[in-house]
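Structural features, examined
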Amino acid sequence: MHNRSSLAITRAVIFALTLREIKGRLNARRLGTFWILFEPIAHVIGMVLIITVIRGRTIPGFEVPVFLLTGIVPFILMKNICLKLMEAVSSNKALFSYRQIKPADALVARTLVECCLFVCVYVLIMGSVGFFAGYDVSIAHPLEWVVMLLVGVLLAFSIGVILCIAGEAVPELKTFFRLMFLPLYFISGVVYPLWALPDNVLPWISWNPFLHIVDSLRWAVFPHYPFTMGVNPYYPIKVTLVLFFIAVGMYRARRLQLVAV
Amino acid sequence: MIELKNVTKSYRTNAGRQYVFRDVSYVIPANRNVALIGRNGAGKSTLMRLLGGLDTPDSGKILTAQSISWPVGLTGGFQGSLTGRENVKFICRVYGAEGDSMREKVAFVESFAEIGKYFEHPVKTYSTGMRARVAFGLSLAFDFDYYLVDEAMSVGDAHFKAKATAAFRDRVDNAKIILVTHSMGQVRKMCDYVMLIDNGKIIAFEDVEAGIAAYMKLI
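Structure report, in brief. Computed from a predicted structure; not experimentally measured.

Helix and strand content of chain A: nine helices and zero strands. Put simply, chain A runs from its N terminus to its C terminus through helices and strands in the order α-α-α-α-α-α-α-α-α. Once the C-alpha set of chain A is aligned to its principal axes, its extents read approximately 65 × 40 × 35 Å. Counting across all 261 residues of chain A, residues that qualify as buried make up 37%. In chain A, of all internal contacts separated by at least 6 residues, the share reaching a separation of at least 24 is 76%.

Further remarks concern the packing of helix 5 (residues 142-169) of chain A against helix 9 (residues 234-259) of chain A. Residue and element names in this part refer to chain A. Look at helix 5 against helix 9: their axes get within 8 Å of each other, and the N-to-C directions meet at 35 degrees. Note on packing geometry: the crossing formed by helix 5 with helix 9 is left-handed. Listed contacts from helix 9 to Val151, Leu154, Leu155, Ser158, Ile159, Val161, Ile162, Ile165 and Glu168 of helix 5 are Pro236, Ile237, Val239, Thr240, Leu243, Phe244, Ile246, Ala247, Met250, Tyr251, Arg254 and Leu258. Residues belonging to the contact of helix 5 with helix 9 are distributed by class as follows: 17 nonpolar, two polar and two charged.

Further remarks concern the pairing of strand 1 (residues 2-13) of chain B. Residue and element names in this part refer to chain B. Judged from the nine bridges that link them, strand 1 and strand 2 (residues 16-28) form a sheet pairing that is antiparallel. When the bridges of strand 2 are listed, Lys9 appears paired with Phe21. Alignment of strand 1 against strand 4 (residues 59-64), held across five bridges, turns out to be antiparallel. Bridging across to strand 4, Thr8 finds its partner in Ser59.

For an α-helix, the turn length of 3.6 residues means that residues three or four places apart are oriented alike. Counting buried positions along helix 2 (residues 84-94) of chain B gives nine out of 11 residues, so the element sits mostly inside the fold. All of the buried residues along helix 2 of chain B are B:Gly84, B:Glu86, B:Asn87, B:Val88, B:Lys89, B:Phe90, B:Ile91, B:Cys92 and B:Val94. On its buried face, helix 2 of chain B is in contact with helix 1 (6-27) of chain A together with helix 3 (100-113) and helix 4 (128-141) of chain B. Count one or two residues on from helix 2 of chain B and you reach B:Gly96, which has phi positive near 75 degrees.

Bringing the sheet that holds strand 7 (residues 176-180) of chain B into the picture now. Residues and elements named next belong to chain B. Across the sheet, which stays open at both edges, the six strands sit in the order 5-6-7-3-8-9 with mixed pairing between neighbours. Because the sheet does not close on itself, it has two edges, and the strands there are strand 5 (68-72) and strand 9 (201-205). Strand-to-strand twist of the sheet, defined as the mean angle between neighbouring strand axes without regard to direction, takes the value 20 degrees. The pairing of strand 3 (residues 34-38) with strand 8 (residues 193-198) spans five bridges and is classified as parallel. In the strand pairing of strand 8, Ala35 is matched with Val194.

Turning to the environment of B:Asn199, a few remarks are in order. Topologically, B:Asn199 is positioned in the loop between strand 8 and strand 9. Residue class for B:Asn199 comes out exposed when judged on the 10 C-beta atoms lying within 10 Å of it.

Okay, the sheet that holds strand 1 of chain B next. Residue and element names in this part refer to chain B. What the three strands build is an open sheet, ordered 2-1-4; its pairing is antiparallel. Pairing within the sheet leaves two strands with one partner each, and these edge strands are strand 2 and strand 4. Strand-to-strand twist of the sheet, defined as the mean angle between neighbouring strand axes without regard to direction, takes the value 25 degrees.

All names here are of chain A. Where helix 2 (residues 32-54) meets helix 4 (residues 103-132), the closest approach of the two axes is 10 Å, and the angle between their N-to-C directions is 55 degrees. Relative to helix 4, the element helix 2 lies oblique. In this structure, helix 2 crosses over helix 4, and the sense of that crossing is right-handed. Within the contact between the two elements, helix 2 uses Ile36, Leu37, Pro40, Ile41 and Val44 and helix 4 uses Leu117, Cys120, Val121, Leu124 and Ile125. Here the residues of the contact of helix 2 with helix 4 sort into 10 nonpolar, no polar and no charged.

What counts and what doesn't
- Residues numbered from 1 in each chain as written.
- Chains lettered and ligands numbered in written order.
- Predicted model: local features only at pLDDT ≥ 70, side-chain atom pairs only at ≥ 80, totals over all residues.
- Helix = DSSP H or I, 4+ residues; strand = E, 2+ residues; numbered from the N terminus.
- Buried ≥ 20, exposed ≤ 12 C-beta atoms within 10 Å, placed from the backbone.
- Contact = placed C-beta atoms within 7 Å.
- Axes fitted to C-alpha atoms, helices over the stretch in contact; angles between N-to-C directions.
- Left-handed = near helix turned anticlockwise from the far one by under 90°.
- Nonpolar A, V, L, I, M, F, W, Y, C, P; charged D, E, K, R; others polar.
- Pairing = 2+ DSSP bridges.
- Parallel < 35°, antiparallel > 145°, perpendicular 65-115°, else oblique.

What follows is the structure in structure tokens.
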């Protein structure tokens, strides 16, 4: 056995776990690759059809499919990171018998996998919407968009770690956490523009950092996106920092219990 | 040499905290093949888990400069939807075997396991014996100073058992084993040092027969 530095071990483990996770997902079903890409695409297509065809809504100044896609796809990314991380420890428990593999590696690897999938899905959907349907899918402020997305990923990671540790301690909570994401979906401004809300509603839901992230992402995509009073990109950054420290602290305190079978 | 320093290990149960070891200090001498024996529930597997780093003591330390394997024949870490080869490659990556060294190890496991074309099939289609063959080969593909063996050699058919025992015999020169077992035949065959675990205490015997005799008196 040759000696490796801690960093080299962590890097090797995260790489191995990421490959394993992706291969495992692709091989889990027949046509696994197709389903992994099709699931978020089907969700988006369904939503777009309900809103544009069935309800016949328009959003003045915006193309509805692009407007929806720029919110739904990042939101699904953040939701998936949270929920997949929640199960990251329980579904990899057997692996902790190899002493190099720690719960943190599993958490990071799952986040990487979700991000890779997101990039594939986003490029595929936006590419086809732009190429076949002729919509303008360019991103007006790419740097801001990337930064906001990274904030969203880090926020989801922190929440995921907290949910995971809480869920390992009290497994009954997991069902409740899963249910929480449906209301969250509706109060994050994913399927409607914020300025369409009555004035007195926004203060009730603006505690939700996902709302600010989704709106800031849209602001970065569209060149003339209207500013909504009460939305600012610094709020989710602050929330993320606080939650990240809580997550890391909880992990430190519970790291031995997470490994225990 | 493996040194246990004031190791305390307990588990929380519904009936309160149960101590398996309380403030145990002990030095396992170097260059011995160790047998861990004791009654069911005496703490053999707990001690092995502590040595393997699967579990951490509540307090105290376990110190060694040598490499200790994961429990030989561990099959729980296999991902069912991946093939035997992919699972082997996963462990190679974790242990830092890349490129040629990975190819070499995969080839070793393939030839040791002798499961033919099933090596390219998902692990969930394997029988218990086939899993054990792959897992056993995987442990032997890496050179550890100590191999932890927890009843692993009791699975598989006669041919496989003989092969596994022989494989360990070949390694006795440069690697040692720590064997958890209830079979005194295996202890006689493979070990030259006995650690009898009883009531949270470790009693060591330089002489294998003396250790076995003490164990027989317990049960």
